[in-house]
Every structure is written in structure tokens, then in C-alpha cells.
Amino acid sequence: MMHLAFLFLIIFTDGSSSQKVCSYQDVVEHLNFTADNSVFKMTRPVLDHKRPTVVELDIMLFAILAVIEKTQTFVPFVWVTMKWNNERISWDPAQFCGITQISIPKEMLWKPDIFIYEMTQKDESPQNPYMYVSHDGTVCSEEDMKVVSTCKMDVHKFPFDTQRCTISIGSAVHCVDEIRVFPFSNSSRATQFSREVIRTQGEWEFLHVTVTSQNFTIDDRQWEYLIYTFTIKRRPLLHVTNFLLPILFFLILDLASFFIEDRRGEKLGFKVTILLSISVLLLILNDILPSMSSKTPLIATYCVVIFALMLLSLLETILVTYFMEKDCVPKEKLRLKENWETKQDTLITEEKRQTCCLMICKASEVNTSVQARESDALLLILKELKELQNNLNLHLICKQDGGQSSLLAARINRAFFIFYITTVSLFLTLIFIAWTT
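All of these numbers come straight from a predicted model, not from anything done at the bench.

(A) Expanded view of the overall build of the chain. Within the chain, the secondary structure is distributed over nine helices and twelve strands. Within the chain, buried positions represent 35% of all 437 residues. Long-range contacts, defined here as pairs at least 24 residues apart, represent 79% of the contacts in the chain between residues at least 6 apart. Counting every atom, the chain has about 26600 Å² of accessible surface; 62% of that belongs to carbon and sulfur.

If you want it as C-alpha cells, here you go:
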């Protein structure tokens, strides 16, 4: 029995010792990866210097953080993946328990000097400290980057515009004989991946991304780089409700002001108020659009033309008011003469009344005091009623018995209203067609 137990113990001991245990550190020690070993990071990792290093790139759009028209700046948050082959690295996975890849710090290996040409500000987002190394020497590095880049924007159709911003990525030092850059995904695949992972777009809608490859030559040396063109479309609802519609409402109010009486000052003050409101909106537009543009923005044309029409309407109101008031000047002088004669009659009547009051006061002092106060109040009321009646008569006379200036003002007002309606309708139709085509 003891011999049988001893036999089982030997069998189990040999079985457990036959299972090999491996770790990533074994692979690191086999490859001689140490912090002091600078062999793997000093030069381009090829065994033949004539053979270029092939770098495969992939960029996915994760978010659209900002698009600033004033400074022509495009700020996306992208995920960049790079793959290349390090010919000095290889191991047999069978010798290390099937380990096919390990992760090591980025400082331990050579990396391609890939950078973005349009980038104007250094990326300050946290960096991924590791990269993957496969048993066949394939190195994979992944980075998430906040790219602050320049973008030549066309704001001609703002806010119904579509922008195309590019990210050009390539090597800064190594020419095409040393580093070749290829896209890992084509345009359709990169667009599909970006749509799946995108998280925020703000007022912009991501349409698609196009991947192309180009070369440029400097001093007989040729460089290769990839161009990722991101096409985005603005969502115009915010600008329509906050800017375009208010200006259109002010234009409608200006049209409605033609039904206000021209002889009163309310129409003139109303038009001036509308003109000042348009001026405030133009100041807001100045903070949005860039200072220089290849084409005049349609929204600037929209605002300037409406502002000019309102200014012309204001000048027409001033001219019409001048002609209408011109016929009322002689009648106004006649009214002033009648008022002066009325005041003279009032003074004579007042003197007679005071004389009578003095004679009556001798008979009864108490009754005289009460009657004098009532008489003064009645005379004041009568005086105000007469002045009001004279003003009303003057306005009625000017309105009914208008002279040549009043007739001319009425014709100008009627003709300008027809011209105003026609011009506004034609302009709004043309500007709408230009925005939608």
C-alpha cells in the first residue's frame, strides 16, 4: 500500500513540474529591453538602410470641440493609431507559453516622427504611456489628441454653410526613401468608424472623411503625407432664430409703419428705433464672421441691404413729412394771430370783470370771493377748450384742404411703398435661392 501511494506521488509531482509558467518579463529579458539600452531607440529599426519603414496610420474623429470662424480654427478630438515594423524585434511564441504581444513604455523604442502640419497649438491632453509590440516585430501606438488646427473656411453661405477642414499628417525629417506613410483604413471605413465612435458635435453635423495621399519636394528630397479631409455641416437653427428672423421681423414692422399718419412724429421715431435695433444685430454679426473672406457672406449682404432699405424708408418719411408740414405753415400763422386776438379780448374782458367785481364786493364781500374763484376756473377751462379746438381745426384743414405739397407727398408715399414692397420681395427671393443652391 505504501509503495502504491509513493508511486502516485511521483506521478503527480512530475505532472505538475511539466507545466511551464511564463511572464511578460521573460519576453522583455529575452529581447533585452532595459531603460539603459538605447539600441532600440537611436536609429530607424531596419536591417538594411535602403529599405524604408512602412507606417500605417488611422485617424478616427471622436468629437468636434470647436469651429471658430473668426480665427479660422478647427478643434477636433481624434484617435490616432500608428503601426510599423521593427526588424530588430522577434520571438517565438511557442517558447513563451503562446505570448504573442506585450506592452512596453514608449520611451524604450524608436517611434516615427509623425506630426500634423496644420497644428498650431501643442496638445496638452494626457498621453498613453504604453504601446504594443507583437512577436513578428509589429509595433502599435495609439494616441488620443486634441488638435487645434488652422482651417480655411468659406463663410459665403453662413449659416447654411458646409466646411471642409483638413489634417495633414506625415514625417518631419524622414523623406519618402526612409518612411512610407499609408492609410490603414480607406475613406468609407474611416467615415463609418468615426460615426460609430463620435460623441459630441455641437452645432455641427459630421458628414464624412476623405483620405488621400500626396507628396511634396524640397531640395530634391520628396516627402509623403496623408490628408484627412473632414466635411462638416452647420446646424443653422440657432442663427436663424437668433439673427435672421429678428431682422426679418424688423423689416415687417418697417413695412407696417407706412400705415402710421405722416403728420405725427410717431412714425419718424418708430423708424429710427427699428434702425437702431438693426445696428445692434450688425455688431453681433461682426463678432462672428472673419475679418477677411474670399467672398462676401450672404448674411452680410442680407443685413446691409435690409439696413439700406430701412434707411431709405426713413429718408422718405422725412421728405413726406416736410412736404405735408409745408402747407400748414400759413395756417399755423393764422392760428397764432387768432390766438393773439383772443388773448387781447380775454384781457379786456378780464379788466371789465375785475371792475364789476370791485363794485359788487362793496355790497357783499363773502359772496364776491366765492363767485370770483368760480369765474376764474370757468375762464381757464374755456381758454383751454378754445386752444384745443383751434389745433383740431388746423389739422382738419391741412388734411382736407391740402395744397400741392401735400398732394406731392401723398404720391411720393404711394410710389415708394410700391417700390419698397417690390424690392423687398425680389431681394428675399434671390437671397433664399442663393442660400439653398
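After that view of the structure, there is still more to cover.
(B) Quick look at the state of the cysteines. Counted by the stated rule, this structure contains two disulfides. In this model Cys-22 forms its disulfide with Cys-97; the gap between the sulfur atoms is 1.9 Å. On the S-S bond that ties Cys-22 to Cys-97, the torsion sits near 60°, and the link is right-handed. Remark: Cys-97 occurs in the loop between β2 (73–85) and β3 (101–105) and Cys-22 occurs in the loop between α1 (2–18) and α2 (24–31); sequence separation between them is 75 residues. Each disulfide pairs two cysteine sulfurs, and for Cys-151 the partner residue is Cys-165, the sulfurs being separated by 2.1 Å. Here Cys-151 and Cys-165 share a disulfide; its torsion about the S-S bond, -85°, makes the bridge left-handed. Of the two residues, Cys-151 sits in the loop between β8 (148–150) and β9 (162–171) while Cys-165 sits in strand β9, which places them 14 residues apart along the sequence.

(C) Geometry of the pattern of salt bridges. Counted according to the given criterion, the structure contains seven salt bridges. Residue Glu-143 pairs with Lys-106 through a salt bridge whose shortest N-O separation is 1.8 Å. Placement of Glu-143 in strand β7 (residues 138–146) and of Lys-106 in the loop between β3 and β4 (114–116) is noted, with a sequence separation of 37 residues between them. By relative accessible area, which is 14% here, Glu-143 ends up buried. By relative accessible area, Lys-106 is classed as buried at 7%. Each member of the salt-bridge network shares a partner with another, and the members are Glu-69, Asp-161, Glu-203 and Arg-234.

(D) Structural detail: the packing of helix α5 (residues 237–256) against helix α6 (residues 266–286). One way to put it is that α5 packs onto α6 with a least axis distance of 10 Å and a crossing angle of 165°. Of the possible angle classes, the one that applies to α5 and α6 is roughly antiparallel. Note that α5 runs across α6; the crossing there is left-handed. On the side of α5, the interface is formed by Phe-243, Pro-246, Ile-247, Phe-250, Leu-253 and Asp-254, while α6 contributes Phe-270, Lys-271, Ile-274, Ser-277, Ile-278, Leu-281 and Leu-285. Split into classes, the residues belonging to the contact of α5 with α6 amount to ten nonpolar, one polar and two charged.

About the criteria used
- Residues numbered from 1 in each chain as written.
- Predicted model: local features only at pLDDT ≥ 70, side-chain atom pairs only at ≥ 80, totals over all residues.
- Heavy atoms only, no water.
- Helix = DSSP H or I, 4+ residues; strand = E, 2+ residues; numbered from the N terminus.
- Buried < 20%, exposed > 50% of the residue type's maximum accessible area, 1.4 Å probe, protein only.
- Contact = heavy atoms within 4.5 Å.
- Areas by Shrake-Rupley, 256 points an atom, 1.4 Å probe, with all protein chains shown as cover.
- Disulfide = S-S within 2.5 Å.
- Salt bridge = Lys/Arg side-chain N within 4 Å of Asp/Glu carboxyl O.
- Axes fitted to C-alpha atoms, helices over the stretch in contact; angles between N-to-C directions.
- Parallel < 35°, antiparallel > 145°, perpendicular 65-115°, else oblique.
- Left-handed = near helix turned anticlockwise from the far one by under 90°.
- Nonpolar A, V, L, I, M, F, W, Y, C, P; charged D, E, K, R; others polar.

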